[in-house]
Structures are given as structure tokens and as C-alpha cells.
Amino acid sequence: QKMPPSLPATINIREPRWDQSTFQGRAKHFFMVTDPRNLLLSGATLEEARRVVEDYRAGTVHPGLTEDQLWRAKYIYDSAFHPDTGEKMILVGRMSAQVPMNMTITGCMLTFYRTTPAVVFWQWVNQSFNAIVNYTNRSGDAPITPSQLGTAYVSATTGAVVTALGLKSLTKHLPAIIGRFVPFAAVAAANCINIPLMRQRELKLGIPVTDENGNRLGESTAAAQKAIFQVVVSRIGMAVPAMAIPPVIMNMLEKRAFLKRYPYLNAPLQVGLVGLCLVFATPLCCALFPQKSSMPVSSLEPEVQDQIRKKDPWLATVYFNKGL
């Protein structure tokens, strides 16, 4: 039996499989990255994927390895290991955990929004989860101190709870459908607080910027600001379908006899609807901006521009990992 030809060692698996300059290519990439089935993979499967990827990057091609198997290993590796540090990420902080975790939390936030203790509890759960995700998917390899972590967590949770309770009291005399959108406003406000605070070290010290080939040129706070802004927009966009469509559907269903007869189906229905929205909203909103984002050298801080011009006077664009 003829052996398949050996795979060339020239496939660039440091980059995604699909063209990241197009929205379609980024969407295909993030459908793979956020696939919840990756959470079910064993530690042995993750380590095997790591071995295949690291060996291939070092120029060693495993015998019989096909291109599809190589890309599969790359996406398993990317789903579980941080792109800058190479560390295995916390399970619930991985992008593949976004749909099941957000589906449960958001579904419950939208179901139990009528009482103050429920609002406080579910906003706290949501911000605890967000803090883990933001820490796990931070850009760069800079560590974050426990005090910075605590400040970000407490500030975002307080911001979300205060927003939710403030809006809840304002909407008491408005139609019921308006009250259903309070959780979304609280989540949007908390994202604007949580992400910058969780990544405050990047805002102070900058994130690594590289040339097109990944050669590190320095750290830039201007790149960090752009990265964090893009992530905030993506996260709010991710929440829009999941927190805007189910309330309208549930409002209509609650007027029907079916839900009045079976009120215990309210939460499962809400969670299911949110899950359906998130399966598409999560990868599509991650794809709004390229993961390997770029900016002109002229937009960086003057000292970073000088640093780069000493190394490469003709370089016009730098690249950075925006984080998720």
C-alpha cells in the first residue's frame, strides 16, 4: 500500500486557516474557536494537539499527518492554550465555554429580573464569569496582580448591580417589555467597566506590537487602547441578540395560555432561546475585528515610533493580538 506523501513543513499554522482580512474568513475561524464541543476534549487530546502543533512549528512533521489533521490540532490547541503565554487556559474562561456558560447565565438573568435579590445575584454571577473570561483572554504575556484583579471584579460587579437596580426602579411604571431590557443595559455598562479594568496593566504598560512576521518591536499603550475598545464593542454586540430577541418572544409567549399553564417552562425556554442566539452571535461578533489587529506606526506613541524606526525605518504598519 502506497504511503500518502509527507506534509510540507511550510503551512503557516501561526495564522488562522481562513483569510482574516474578510469577515467571512474571520467568522469561519471563530465558529471553530468557539465550538462548545472543544470543552469535552480530554487532557490527553489537548496535549497531543499541543505536541503536533509545537513539533510542526519546530519543523518536525509527524509521519502520515494530513493537512486537515494539522488544522484540527491547531484549532484544538488554540481553543485551550493562550496565544501569547502558551499556558493552558481555565476551562470556563475559554472561548469554547462562552455559549454554554452565557446561555445559562443570560437565560437566568432574563427570567429572574423582577425581584431585587435575583437581579443582584445574577448580575454578580455574570460579572464573576466575565472577570474569569477577561483575565483568561487578556492580550500579551503581562501578569495581572491579585489587587488589580480584585479592583476590576468589584468595580464591574458594583457597576452592573447599580445600573440594573437603578434602571429597574425607573421602569416600574413603564410597560413590562421595557423592564425585560434592564439586564442588557446592565451588562453593556459592566462590559465598559470590567474589560478596561481587567486589562489595566496593558493600558499602563502597553501590549506587544510586531511586524508582519511576528517579530516583536516594542510595547504600545495606543495599541492597547484600540484592542480594548474593539473587545468592548464585540462583547456588547455579542449580548445584543441574546438579550434583545428572547425578551420579545417571551413577552408574547407569556400572554398565551401555554406558559400560564406550565410556568416552570419559562426558564428552560428562555435559556434555550438565548443559546440559539449565542451560537451565532458569539463567533460573528468575535469576527467583527481581526484577532491580529493592526495600526499605522504613525498612530503609536512618539517614543515607540522612534524605537521602531531605529529597527526598520520603512515599516508603516504594526500588528498586535487584540485579545478576546
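Within each chain, residues carry numbers counting from 1 in the order of the written sequence. In keeping with the model being predicted, local features are shown solely for residues with a pLDDT of at least 70 and side-chain atom pairs are shown and tallied solely at 80 or more, while totals for entire chains, interfaces and linings include all residues. The basis for every side-chain value is the complete set of heavy atoms in the structure, and neither hydrogens nor water enter the calculation.

A.B. asks: Run through the overall build of the protein chain, naming residues and quoting values.
C.D. replies: Counting from the N terminus, the helices are DSSP H or I runs at least four residues long and the strands are E runs at least two residues long. Each helix and strand counted, the protein chain has 13 helices and four strands in total. The C-alpha atoms of the protein chain give a radius of gyration of 22 Å, which matches the 20 Å a tight globule of 324 residues would have. With the principal axes as the frame, the protein chain shows a C-alpha extent of 65 × 60 × 35 Å. Counting the 324 residues in the protein chain, one finds 48% classified as buried. Two residues form a contact once any of their heavy atoms are found within 4.5 Å. Pairs at least 24 residues apart make up 74% of the contacts formed inside the protein chain by residues separated by at least 6 positions. Across the protein chain, the mean location of the 33 positive side-chain charges is 12 Å away from that of the 22 negative side-chain charges. Note that the radius of gyration is over C-alpha atoms, with the globule rule given as 2.2 Å times the number of residues to the power 0.38. The buried label goes to any residue with under 20% of its type's maximum accessible area, the exposed label to any with over 50%, and the partly exposed label to all in between, with areas taken from a 1.4 Å probe on protein chains only. We count Lys and Arg on the positive side and Asp and Glu on the negative side, and we leave His and both chain ends out. To locate a charge, the coordinates of NZ of Lys, CZ of Arg, CG of Asp or CD of Glu are taken.

A.B. asks: Tell me about the domain arrangement of the protein chain, and please be specific about residues and values.
C.D. replies: We note that the domain assignment places domain 1 (23–88) and domain 2 (95–321) within the protein chain. Domain 1 and domain 2 are separated by 25 Å when their C-alpha centres are compared. Between domain 1 and domain 2, the contact holds 16 residues from the first and 23 residues from the second. Buried area: the sum, over both parts, of the accessible surface (1.4 Å probe) that disappears when the two are put together. When the two sides are added together, the surface that domain 1 and domain 2 hide from each other amounts to roughly 1,600 Å², 68% of it contributed by carbon and sulfur. Area buried by domain 1 at its contact with domain 2 is led by Arg26, Phe30 and Thr34, which between them contribute 33% of it. By salt bridge we mean one thing: a side-chain nitrogen of Lys or Arg within 4 Å of a carboxyl oxygen of Asp or Glu. Along the contact surface separating domain 1 from domain 2 lie zero salt bridges. Here a polar contact means two N or O atoms within 3.5 Å. Within protein one must be a hydrogen donor candidate and the other an acceptor candidate, and residues neighboring in sequence count only if both atoms are side-chain atoms. Linking domain 1 with domain 2 are two residue pairs in polar contact (both at pLDDT 80 or more). Broken down by element, the side of domain 1 that touches domain 2 gets its largest block of residues, six residues, from helix α1 (residues 23–33). The split into domains, and so the bounds of each, comes from an automatic or database assignment of domains.

A.B. asks: I'd like a description of the packing of helix α5 (residues 116–136) against helix α6 (residues 146–170), backed by residues and values.
C.D. replies: Convention adopted: a line fitted to C-alpha atoms gives each axis, helices being fitted over their contacting stretch, and angles between N-to-C directions are expressed from 0 to 180 degrees. Contact geometry for α5 and α6: axes closest at 9 Å, N-to-C directions at 145°. Between α5 and α6 lies a crossing whose hand is right-handed. In this structure, α5 uses Thr116, Val119, Val120, Gln123, Trp124, Gln127, Ser128, Ala131 and Tyr135 to contact α6, whose residues at the interface are Leu149, Tyr153, Ala156, Thr157, Ala160, Val161, Ala164, Leu165 and Lys168. Charged means Asp, Glu, Lys or Arg here, nonpolar means Ala, Val, Leu, Ile, Met, Phe, Trp, Tyr, Cys or Pro, and polar covers whatever is left, Gly included. Of the residues that constitute the contact of α5 with α6, the class distribution is 12 nonpolar, five polar and one charged. Two helices that cross are described as forming a left-handed crossing if the nearer one is turned anticlockwise from the farther one by less than a right angle, and a right-handed crossing if clockwise.

A.B. asks: Give a detailed account of the packing of aromatic side chains, specifying residues and quantitative values.
C.D. replies: Working definition: rings of Phe, Tyr and Trp (its six-membered ring) pair if their centres are within 6.5 Å, and the pair is stacked with planes under 30 degrees apart, edge-to-face with planes over 60 apart, and tilted otherwise. Here the structure, examined in full by the defined rule, presents five aromatic pairs. Between the aromatic rings of Trp18 and Tyr75, the centroid separation amounts to 5.9 Å while the plane-to-plane angle is 40°, which identifies the pairing as tilted. Of this pair, Trp18 sits in the segment before α1 while Tyr75 is found in helix α3 (residues 67–80), placing the two residues 57 residues apart along the sequence. For the pair Tyr77 and Phe81, a centre-to-centre distance of 5.1 Å together with 25° between the ring planes defines the contact as stacked. Accessibility expressed as a relative area gives 6% for Tyr77, which makes it buried. Site record: aromatic cluster; members linked through ring pairs are Phe121, Trp122 and Trp124. Think of it as a cone above the ring: NZ of Lys or CZ of Arg counts as a charge over the ring if it is within 6 Å of the ring centre and within 35 degrees of the ring normal. Just above the ring of Tyr75 sits the side chain of Lys74; from NZ or CZ to the centre is 5.6 Å. One cation-aromatic arrangement involves Lys292 over Tyr319; the distance from NZ or CZ to the ring centre is 5.1 Å.

A.B. asks: Describe in detail the environment of Thr163, supporting the description with residues and values.
C.D. replies: Turning to its location among the elements, Thr163 is positioned in helix α6. Assessed through its relative accessible area of 22%, Thr163 is described here as partly exposed. Residues Thr163 and Ala185, spaced 22 residues apart in sequence, show a C-alpha to C-alpha distance of 7.4 Å. For Thr163, the residues in contact, after removing those within four places along its chain, are Ala185, Ala186 and Ala189.

A.B. asks: Tell me about a nonpolar patch on the surface, and please be specific about residues and values.
C.D. replies: Judged by side-chain polarity, Phe23, Phe31, Phe229, Val233, Leu276, Val279, Phe280, Leu284 and Leu288 come together as a nonpolar surface patch covering roughly 780 Å² of accessible area. Top element by residues in the nonpolar patch is helix α12 (residues 266–286). It accounts for four residues. Inspection of the secondary structure puts Val279 in helix α12. Exposure above 30% relative accessible area and no salt bridge define the residues that can form patches, which grow by joining like charges within 9 Å and nonpolar side chains of Val, Leu, Ile, Met, Phe, Trp and Tyr within 5 Å. The accessible surface values rely on the Shrake-Rupley method and a 1.4 Å probe; as for residues, cover is taken only from the protein chains in view.

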